[in-house]
Amino acid sequence: MASTSRTPAPEPTLYIDGKWTHAKAGHTRPIINPYDNSTICVIDEAGSEDALAAIHSAVDFFRTSDWPHQTCTERTPLLTRVAELLQRDKEILAEIETKDTGKTLEESRVDVDDVTNVFRFYAQEANKLDTPKRIVSDVIPDTVESTTSHVPVGVCVLIAPWNYPLLQICWKVAPALATGNAVIIKPSEVTPLSTVHFVKLLVEAGAPVGSVQLLTAGGAGVGPTLTEHPDVDLVSFTGGLDTGRRIIASCAGTVKRCTVELGGKNPNVVFGDCDLDWAIDTVVTAVFLHSGQVCSSGARLIVEESIADRLVAGVVERAKRIQMGNGMDAASETGPLVSAAHLAKVEAYVQLGVQEGAKLMCGGARPDAKAHPELAKGFFFCPTVLDHCHRDMRIVQEETFGPILTVERFKDGDEAHAVRLANDTKYGLAGGVQSANVERARRVAKQLRHGTVWVNTYGSYTPAAEWGGFGMSGNGRELGSKGLDEYIETKHQWVETNAAKPGWFKGQGKLLQPAQPAQPAKAKL
Ligand code: TXE
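So, here is what we can say about the structure in this document.

Cut-offs applied
Residues numbered from 1 in each chain as written. Predicted model: local features only at pLDDT ≥ 70, side-chain atom pairs only at ≥ 80, totals over all residues. Heavy atoms only, no water. Helix = DSSP H or I, 4+ residues; strand = E, 2+ residues; numbered from the N terminus. Buried < 20%, exposed > 50% of the residue type's maximum accessible area, 1.4 Å probe, protein only. Contact = heavy atoms within 4.5 Å. Near = heavy atom within 4 Å. Polar contact = N/O pair within 3.5 Å; in protein donor to acceptor, adjacent residues only side chain to side chain. Areas by Shrake-Rupley, 256 points an atom, 1.4 Å probe, with all protein chains shown as cover. Phe/Tyr/Trp six-rings, centres within 6.5 Å; stacked < 30°, edge-to-face > 60°. Lys NZ or Arg CZ within 6 Å of the ring centre and 35° of its normal.

Looking at unusual backbone geometry
Among all residues except glycine, the phi angle is most often negative; among peptide bonds, the trans geometry is most common.
Next, step 1: Phi is positive for Asp17, which is not a glycine, with a value near 55°.
Next, step 2: Topologically, Asp17 is positioned in the loop between β1 (14-16) and β2 (19-21).
Next, step 3: Using a relative accessible area of 37% as the deciding quantity, one classes Asp17 as partly exposed.
Next, step 4: Even without being a glycine, His290 presents a positive backbone phi close to 55°.

Side note on the side chain of Thr282
Next, step 1: Along the chain, Thr282 falls in helix α9 (residues 276-288).
Next, step 2: Residue Thr282 is classed as buried on the basis of its relative accessible area, which comes to 11%.
Next, step 3: Once residues within four sequence positions are removed from consideration, Thr282 is found in contact with Asn268, Gln434, Thr457 and Tyr458.

Thoughts on the site of the ligand
Next, step 1: Around the ligand lies a shell of 25 residues, among which Trp162, Glu189, Gly240, Lys345 and Glu399 are the nearest.
Next, step 2: A distance of 2.7 Å separates an oxygen atom of the ligand from a polar backbone atom of Gly240.
Next, step 3: In isolation the ligand exposes 820 Å². Once the protein is present, 87% of that is buried.
Next, step 4: Secondary-structure elements contributing two or more residues to the shell around the ligand are α7 (219-228), β10 (234-238), α8 (241-252) and α11 (340-355).

Here's the deal with the packing of aromatic side chains
Within a pair of aromatic rings, the relevant descriptors are the distance that separates the centres and the angle that separates the planes.
Next, step 1: In the structure shown here, the tally under the stated rule is 11 aromatic pairs.
Next, step 2: Ring centres 6.3 Å apart and planes at 45° place the aromatic pair Phe61 and Trp67 in the tilted group. The two residues Phe61 and Trp67 agree in class, both being buried.
Next, step 3: An aromatic cluster of three or more residues is present, and its members are Trp171, Trp454, Tyr458, Tyr461 and Trp467.
Next, step 4: Positioned over the ring face of Trp67 is Arg75, at 5.4 Å from the centre of the ring.

Without other data, these values stay purely geometric and don't point to any function.
Take a look at the structure:
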């Protein structure tokens, strides 16, 4: 991962208090194209003083403007306009994303379409919050009007990772703005470029000054300033488990709301009755899309013994033929890993798996530089299959976030065994069940302790349904109607229409206090 420097950033990339600005301390960071390790550009590296300025602007805006008091319906035109602008700039955004992350242009285009739909969805969904709810109940006196309504949480810090930079930040920004919050956006330092362009679109769409701030920076630099600050009301984080734990701990001091999505180690259960060719294709796509850098990737194949050898052989054959290359090239089916640091981590995990006793069936290394000189400078790693894995291996339990499939087998016809294996993880983000017997697949899916379960497919999502994890995959939900709940406080209003004296204290008791209060002793709090 490239470190910071003092090479000036040509264009300012911090957006604070309605102005594009350079980092106060003058620090910058080169942004690397993972395809060939070249520098795409140099951007500003925010520090604590920039973070404080962003917080100050957001707090001032939230406390003094009309924005949080508007209805969601009044904010709908902004969200609709953002969706239009995302589509207008689809090709620009897709190119930026591909150069920054290494993913294929086709994937980047899908991401832009997906986030457009997220803005369209929340442009409508949030309006349902506008009508206060009258509470009618036998336990409420007839003279009382009891209503609940929704108000924004306040200043929200939104921290995104590098695998789906635009998508992850939009999943947060759309519901946060729809409900009237002020947002401070912090993209990953590895892949900030699509977010910089996205913020330009928010500004063009008419996001009021102060409602949106952008800090391009490493997590360690501005992270604690943002997450510990008493005037920040919420932190929404997507990223790794270790960082997630640190962020939860740093939010505890000010008891701020903190929602986290921390990845997964997702099982893909395949029964022996599946069409072999279809199952191979489904397994390969589930694990190797975006070189496995997907929080919901089907990284654990849990396969019925009767089909296991044939399925593994087929997956290995297909894995060896996955076309790695420049994401900008239409012939490429997958790109490199995002950074040199991540490549080193993935390599180490394969070595660990083999040491633990897994059988390496294919991959396990970078592409041969002599045979494929065009891949030599990039952070490529060959799609890898490790067979004969078991639950005690770290390679089965820990998220590698790379193109690595581990294979575990369950006894023929033993659904309970399949379920035990699939649930045997500290995570619980997603999983799949594949079977020609749909009733059985549904039955097994029902028993999986994972936030999303696919049956006879893998990996699709919709902005209209919730996304999030059980266990150490995190807390809270993004997308769907519950995705709005993260960004609102529920407020109860109790109106007494027949105001009688409470009458609890009658004023008839003996006088128990002197005419003048005595001075209290010095406090020892
Ligand atoms: O992510 P980090 P890393 C997993 C994956 C990967 C591992 C580590 O297994 O190998 O996480 O990746 C910001 N305060 N996922 O280290 O550190 C950081 O700047 C505030 C799963 O690259 O979690 C970036 O914006 N912010 C995942 C964001 O956190 C901090 C997607 C994520 O970085 C911070 C990506 C701090 N103290 C990786 N420290 C998923 N759930 O999809 C860092 N950050």
